[in-house]
Amino acid sequence: MTERSRLLPVLTAECEERRNRIRSAFQSDGKAGETLRALCALADATALRVLEGFLPPGPASSGLCLLALGGYGRGVLFPFSDLDLLFVFANADAEARLRPAISDFSRTLWDLGFRVSSAGRTIEECKRIEEDNAEFHLALLDRRFLAGDQEFFQRLNEHVLPASENRAREFLFMQLKSLTQERHARYGDTIFHLEPNVKEAPGGLRDLHAATWVEQVVRLRNGGGNRESTPGEASGTAEEFLSAVRCFLHYRNGRNDNALSYELQAVAAERSLGWAEGEAAPREAADWMRVYFRHARTLNRRLLDSLEEHDNTRLSLGKRIAALATRGRSLILARAGRLEITSEFPLRTREDAFSLLNEAARRGMPLGREAERSVGIAWKAGVSGNGAKTWQQFREILGAPYPAVALRSMHRLGLLADILPEFRSIDSLVIRDFYHRYTVDEHTLRTIEHLQELAQPRDERGAHFTDLWKSVERRELLILALLLHDVGKGMPDPNHVTGSLEALDAAAARLHLEPDEKEETGFLIGHHLDMSATLLRRDIFDPETITAFGNTVATPERLGRLCLLTYADIHAVNPEALTPWKAEMLWQLLAATSNHLSRSVDRDRLHAVREAAFLDEVLRCSGGTTRAEIEAFLEGFPRRYLAVHTAAEIATHFALAKKLTAGSVQTELKPARHTYTLTLLAQDRPRLFATIAGVLAGWGMNIIKADAFANAAGVVLDTFQFGDLHRTLELNPSESERLRLSFAEIISGKAPLEPLLKSRLHAAQERAPKVAVPTRIRFDDDSSSRCTLLEILTQDRPGLLHEIGSVLAQLGCNIEVALIDTEGQKAIDVFYLTQNGAKLSPELQHRIATEFWGRI
């Protein structure tokens, strides 16, 4: 303890001074390589000074060596990364003798501000590969001698460890491959994230480290040991850029936090982080992130190439080659789940390249590394054909069962941009709105992948659309429309649809598209937002909505293509965007519009006596009642009430209505697969809709959709579909009854709403929004013959629907239908409103808008 007390004050001051100097240098020049080496040198010098204090050289420390592992072993150290250390002992006796001193050594380094992660092994233990600790053995590949018995280390490094690693090389490779797949899967197998983790996400620095480990394992097989890997120029530049970003994050956050947050992207862009001196650097965050993703793509590609190359060499000749098809001079082969070509028949022309790409799209089998390289060489060497010929070859790929498989390779090689130069405008383009998870080019390719997955849908969301995808006509035009539908986002025109249509004009002229091909593709691009806007912003159970939308699409064939495009477009925004509810509503809109186009048109208001067949079914489900009672209950409900509820559900509603007494409330809470549905019946009263919304907000529920119905007898039947974000009801079944009691007490006036809302709203106010959403209010008197539509776009927050409902109730408005949607931090709500059974007057619309501008 005396030695420790003597060392600590001196070393603490020295470490603090050197750390400050290193940090100042980085903040001044942003050079990551120099920073990492300086921090590593500081750690080395400090570790040796401390070790000398507790473990003086001589016979006492023979049979011991101290190794640096992992990143520290590679000679780099990030500001708040761990010091990965391994003590290797000659035997168990040496370990027992030296362990107290080593414990003091580690504790002192912690006190000096180093995050120490240390382990101890005897030389016998080093000979064994621990199958449940592959990460340790991979880190050991980057070992570096720090201190101790040099001769002992030489024996360990040249004989003991290489022998065990060589025996375990296939195990190490398979573990590395498995760990990589698991890590990538946690991040959706894409480099493109709004707030990427610069270490662990695909394309992060971990991909570079994994690639070097693969290369080291390959050298083990070839007897080359674990020599340091030399990255190519592109990988070296990418490593320096991402290392600078990680250093910046560590210093900015004061901890080992590697998430490149939305806010810090703007700071990094403003500082021109990662830019060489003299280069013109982007100052906008979106432009800076495009550069980040291009570097991430380089590192990710290096890892995937390394894994594939080693996979190919592992397979025996008999297992790895199976002839699939002959195309001209090229024999196409299947190898390790990828397409390759034989060296005897190299690709020579663009026709050869198209043939191989078409085979990939036809079979759903991606190109191998060498095949992809051969395609790129043949493409550059070949003579560009005329536009019409190129379109004939390209359309084969687009019309194949798995077009995205080939398009991925074409995008990586730059071939896609050769055919469609307009696609360059969205390469790595970031949309910073907290709703779009991916860059625009990644979003586009994912739309096509989601369509081809419909052949064997992964979940119930796609089950309805499988037959539609398999039978869709002119599939190549649908895929072409998806490739171009968002390119306008990379163009100056603020309306990206206009820009995308201009891109189609240029592409159609270049590729000599037939007029009808251009017209059909242009329709899909020009209307690619219509179907999602209709299902999310309009009452799809209102015949007027269906009539208007049906008039837009005009033909069943266009309807089918637009439906598939909409499905894919929503699905590819982010993993949560296409909820089961949205998929079901999309199918309902498709079915209703298809019926309309087949001339099956409905009436507006319901008069129950005319609905004999349906009424009979409700009567059968009810039991113990009369037809007259059912008719009296249904009289006055809008037709959409029958459209959105089954006979069994209506029978349940009727039973609840019979229990109603003055001042009472009847509720039913029904769980679905991903949501809950609340049905509430009560005699009409002021602010009923707003109160229900307030209770749900107070319980932390996310309202998805709401319907408000009233019959001729003044019974209000409100249905709310909501998500349980915190799984309160799922994890605590008794809370469902408490929620129902909460509704009954608050709506009947026995308990106040404000205390329930207060804590939830206070917590929300403490979190500043990451994206500022300007408020927009619009009224629409044309979309419905009975109602005025109010569209509100504003910053999403808990209690918003309660606040809107309160204002509308205060001004005497009746909410017929509420369509609630969020995109990231943007609330987009649509209300079908009436006052005294009629549309809202212009004066009332002005009062509503004025009231909202003062509140939201």
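Everything quoted here is computed from the prediction, not taken from an experiment.

Undergrad: Tell me about the overall build of the chain, and please be specific about residues and values.
TA: Secondary structure assignment for the chain yields 38 helices and 15 strands. The buried share among the 856 residues of the chain stands at 53%. Accessible area of the chain: about 37,100 Å², with a carbon and sulfur share of 50%.

Undergrad: Got a sec to walk through the pattern of salt bridges? Specific residues and values, please.
TA: Summed over all chains, the structure comprises 56 salt bridges. Measuring nitrogen to oxygen at the nearest pair gives 3.0 Å for the salt bridge that ties glutamate 520 to arginine 561. You can see glutamate 520 sitting in helix α24 (residues 515–526) and its partner arginine 561 sitting in helix α27 (residues 556–571), a full 41 residues away along the chain. In this structure arginine 561 comes out as buried when scored by relative accessible area, which is 5%.

Undergrad: How would you sum up the sheet that holds strand β13 (residues 788–795)? Please name residues and give values.
TA: Taken together, the eight strands give an open sheet; going across it, the order is β8-β9-β11-β10-β14-β15-β13-β12, and neighbouring strands pair in antiparallel fashion. The open sheet terminates on both sides in strands that have one partner only, identified here as β8 (665–671) and β12 (776–780). On average, each strand axis in the sheet is tilted by 15° relative to the strand beside it, whichever way the strands run. In terms of strand pairing, β8 meets strand β9 (residues 676–683) through seven bridges, oriented antiparallel. Of the residues in β9, the one forming a bridge with lysine 670 is threonine 677.

Undergrad: For the nonpolar core, give the residues involved together with the corresponding values.
TA: Counting residues in each nonpolar core, the largest one holds 86 residues, and the members touching the most others are Phe394, Leu407, Leu420 and Leu451. Beyond its immediate sequence surroundings of up to four residues, leucine 451 is in contact with Trp469, Leu478, Ile479, Leu482, Leu564, Tyr567 and Ala568. With 67 residues, the next largest nonpolar core counts Cys40, Leu98, Ala268 and Leu273 among its residues.

Undergrad: Give me the lowdown on unusual backbone geometry, citing residues and values where you can.
TA: The phi dihedral of serine 272 falls on the positive side, at around 55°, and the residue is not glycine. Judged by its relative accessible area of 19%, serine 272 falls in the buried class. Positive phi, close to 55°, is recorded for arginine 727, a residue that is not glycine. Here arginine 727 lies in the loop between β11 (715–723) and α34 (728–731).

Undergrad: Just give me the short version of the packing of aromatic side chains, but keep the residues and values in it.
TA: Inspection of the entire model under this criterion finds 18 aromatic pairs. Ring geometry for phenylalanine 241 and tryptophan 275: centres 6.3 Å apart, planes at 70°, overall edge-to-face. Taken together, the residues span a long stretch of sequence, with phenylalanine 241 in helix α10 (residues 233–253) and tryptophan 275 in the loop between α11 (262–270) and α12 (285–314) at a distance of 34 residues. Where tyrosine 292 meets phenylalanine 293, the ring centres are 5.5 Å apart and the plane angle is 75°; that geometry is what we call edge-to-face. For tyrosine 292, a relative accessible area of 2% corresponds to the buried category. According to the relative accessible area criterion, phenylalanine 293 is buried, its value standing at 2%. Linked through ring pairs, Phe192, Phe241, Trp275, Trp288, Tyr292 and Phe293 together constitute an aromatic cluster. Across the ring face of phenylalanine 136, the terminal group of arginine 121 is positioned such that the distance to the ring centre comes to 4.4 Å.

Undergrad: Outline empty space enclosed by the protein, listing residues and values.
TA: A full pass over the atoms with the stated rule returns five cavities of 30 Å³ or more. In this model, the largest cavity occupies a volume close to 130 Å³. Secondary structure elements with two or more residues in the lining of the largest cavity: α31 (639–644), β10 (702–710) and β14 (814–823). Its residues placed into classes, the lining of the largest cavity shows eight nonpolar, no polar and seven charged.

Scoring rules and cut-offs
Residues numbered from 1 in each chain as written. Predicted model: local features only at pLDDT ≥ 70, side-chain atom pairs only at ≥ 80, totals over all residues. Heavy atoms only, no water. Helix = DSSP H or I, 4+ residues; strand = E, 2+ residues; numbered from the N terminus. Buried < 20%, exposed > 50% of the residue type's maximum accessible area, 1.4 Å probe, protein only. Areas by Shrake-Rupley, 256 points an atom, 1.4 Å probe, with all protein chains shown as cover. Salt bridge = Lys/Arg side-chain N within 4 Å of Asp/Glu carboxyl O. Pairing = 2+ DSSP bridges. Axes fitted to C-alpha atoms, helices over the stretch in contact; angles between N-to-C directions. Core = buried A, V, L, I, M, F, W, Y, C linked by side-chain atoms within 4.5 Å. Contact = heavy atoms within 4.5 Å. Phe/Tyr/Trp six-rings, centres within 6.5 Å; stacked < 30°, edge-to-face > 60°. Lys NZ or Arg CZ within 6 Å of the ring centre and 35° of its normal. 1 Å grid on protein atoms, 1.4 Å probe; cavity = no way out; pocket = protein on both sides within 12 Å on 5 of 7 lines; lining within 4 Å. Points joined across faces, edges and corners; volume = space filled by probe spheres on them. Nonpolar A, V, L, I, M, F, W, Y, C, P; charged D, E, K, R; others polar.

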